[in-house]
Amino acid sequence: MTLKTPLYDLKKFSNVYEPSEDTFLFIDAIEKDFSFLKQLKPAIAVEIGSGSGVVICSLAQIFSNSCTYFATDVNNQACLATYNTGCCNSVSINCSNMDLLSGFNDYLFDLILFNPPYVVTDIDEISGQGLNRAWAGGVCGRVIIDKLLTDVQKYLSPKGVLYLVLLKENKPEQIIDVMARKGFCSDLVLERRIPGEHLFIYKFYRK
Ligand SMILES: C[S@@+](CC[C@H](N)C(=O)[O-])C[C@H]1O[C@@H](n2cnc3c(N)ncnc32)[C@H](O)[C@@H]1O
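Since we're looking at a predicted model, the values are computed, not measured. Every chain begins its residue count from 1, and numbering advances along the sequence as written. Given that the model is predicted, a residue must reach a pLDDT of at least 70 before its local features are reported, and side-chain atom pairs must reach 80 or more before they are shown or counted; all residues, however, enter totals for whole chains, interfaces and linings. Side-chain metrics rest on all non-hydrogen atoms present in the structure, leaving aside hydrogens and water.

Student: Residues and numbers for the environment of Leu108, please.
Tutor: In this description a helix means any DSSP run of H or I spanning at least four residues, a strand means any run of E spanning at least two, and both kinds are numbered starting from the N terminus. In this fold, Leu108 is placed in the loop between strand S3 (93-97) and strand S4 (109-114). Between the C-alpha atoms of Leu108 and Ile201, which are 93 residues apart in sequence, the distance is 22 Å. Contact definition: two residues touch when any of their heavy atoms are within 4.5 Å. Apart from the residues lying within four places of it in its own chain, the contact partners of Leu108 are Ile44, Lys154, Tyr155, Leu156 and Ser157.

Now the structure itself:
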């Protein structure tokens, strides 16, 4: 299946991350993993840090109404943009302004997608709710990623899968190790070198 780039319009949302190479690589990974995802048959999916909303809307091209779509973002403008992109593409997305999945204590997701702020920055740059939150990742670009990994397992259903965008500087091999100790296998779905960045899309699932 070929996924079309969802319609989106960020003119009213200048503080929201514009879909970029990492975004489109993530969509390519979803497209590449079509057969795996079809077999998974997720009933409930969430994108953390949905930004414009084009990634979760791309997923919805595969599952349309057979899946319920959630999204979260620390940036409230991104939540509005995601809702708007959902409307433009006739996808109903429940988007909430929260840190990671902190408001979803009673939910088990079959699919969690996250293109995190992965750039190596000073820790002070991880503050507020603005556009800086789209890229500022602190030490090794890992601060937000590591925060998610602490208890991501409690948000995943028994068949649940986490798809994560990573940068070489994030030391993906360490993340694979952290997840292995929690009982998760990992597969590299896609990798791409773009000017200045070597990006990976990994998926993690229980053995
Ligand atoms: C690299 S951008 C990705 C945006 C979009 N998913 C895409 O692929 O184009 C990272 C997004 O994560 C959001 N974000 C950063 N830290 C977050 C956190 N702790 N909880 C939820 N969202 C967060 C940012 O506001 C931003 O929208």
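Student: Mind laying out helix H1 (residues 21-32), listing which residues take part and the relevant values?
Tutor: In this model H1 runs 16 Å from its N-terminal to its C-terminal C-alpha over twelve residues, within 8% of the 16 Å that 1.5 Å per residue would give. Listing the buried residues of H1 in full gives Asp22, Thr23, Leu25, Phe26, Ile27, Ala29 and Ile30. At its buried positions, H1 is contacted by helix H2 (34-40), helix H3 (54-63), S4, strand S5 (156-167), strand S6 (184-194) and strand S7 (197-206). For a helix, the expected span equals 1.5 Å multiplied by the residue count minus one. Three exposure classes are used, based on accessible area relative to the maximum for each residue type with a 1.4 Å probe and protein chains only: buried under 20%, partly exposed in between, and exposed over 50%.

Student: Break down the confidence of the model for the protein chain for me, with residues and values.
Tutor: The pLDDT value tells you how sure the predictor is about a given residue, anywhere from 0 up to 100. Taken residue by residue, the protein chain gives an average pLDDT of 98. The fraction at 70 or more is 100%. When mean pLDDT is taken per element in the protein chain, strand S1 (residues 44-48) scores highest with 99 and S6 scores lowest with 97.

Student: Which residues make up the pairing of S1, and what values go with them?
Tutor: Counting buried positions along S1 gives five out of five residues, so the element sits mostly inside the fold. Of the two faces of S1, the one holding Ile44, Val46 and Ile48 and the one holding Ala45 and Glu47 are both buried throughout. Note: S1 against strand S2 (residues 68-73), five bridges, orientation parallel. The partner of Glu47 across the bridge, within S2, is Ala71. Regarding topology, H3 serves as the crossover connection from S1 to the parallel S2, and that connection is right-handed. When DSSP locates at least two bridges between a pair of strands, those strands are taken to pair. When the strands point away from the viewer, a crossover counts as right-handed if the route from the first strand across the helix to the second turns clockwise.

Student: Just give me the short version of the side chain of Thr121, but keep the residues and values in it.
Tutor: Within the secondary structure layout, Thr121 lies in the loop between S4 and helix H5 (143-151). On the basis of relative accessibility, which here comes to 13%, the residue Thr121 falls in the buried class. With residues up to four places along the chain from it excluded, the contact list for Thr121 reads Trp135, Ala136, Gly137, Gly138 and Val139.

Student: An account of the layout of surface pockets is requested, with residue identities and associated values reported.
Tutor: A cavity here means a set of 1 Å grid points, computed over protein atoms only, where a 1.4 Å probe fits but cannot escape. A pocket is an open set with protein on both sides within 12 Å along at least 5 of 7 lines, and lining residues have an atom within 4 Å of a point. Grid points are joined across faces, edges and corners, and a volume is the space filled by probe spheres set on the points. By volume, the largest pocket is sized at about 150 Å³. Lining the largest pocket, in full, are Pro6, Cys57, Ala60, Gln61, Ser64, Asn65, Cys67, Tyr69, Asn89, Ser90, Val91 and Ser92. Considering only residue class, the lining of the largest pocket consists of six nonpolar, six polar and no charged. Throughout, the ten residues Ala, Val, Leu, Ile, Met, Phe, Trp, Tyr, Cys and Pro are labelled nonpolar, Asp, Glu, Lys and Arg are labelled charged, and all others, Gly among them, are labelled polar.

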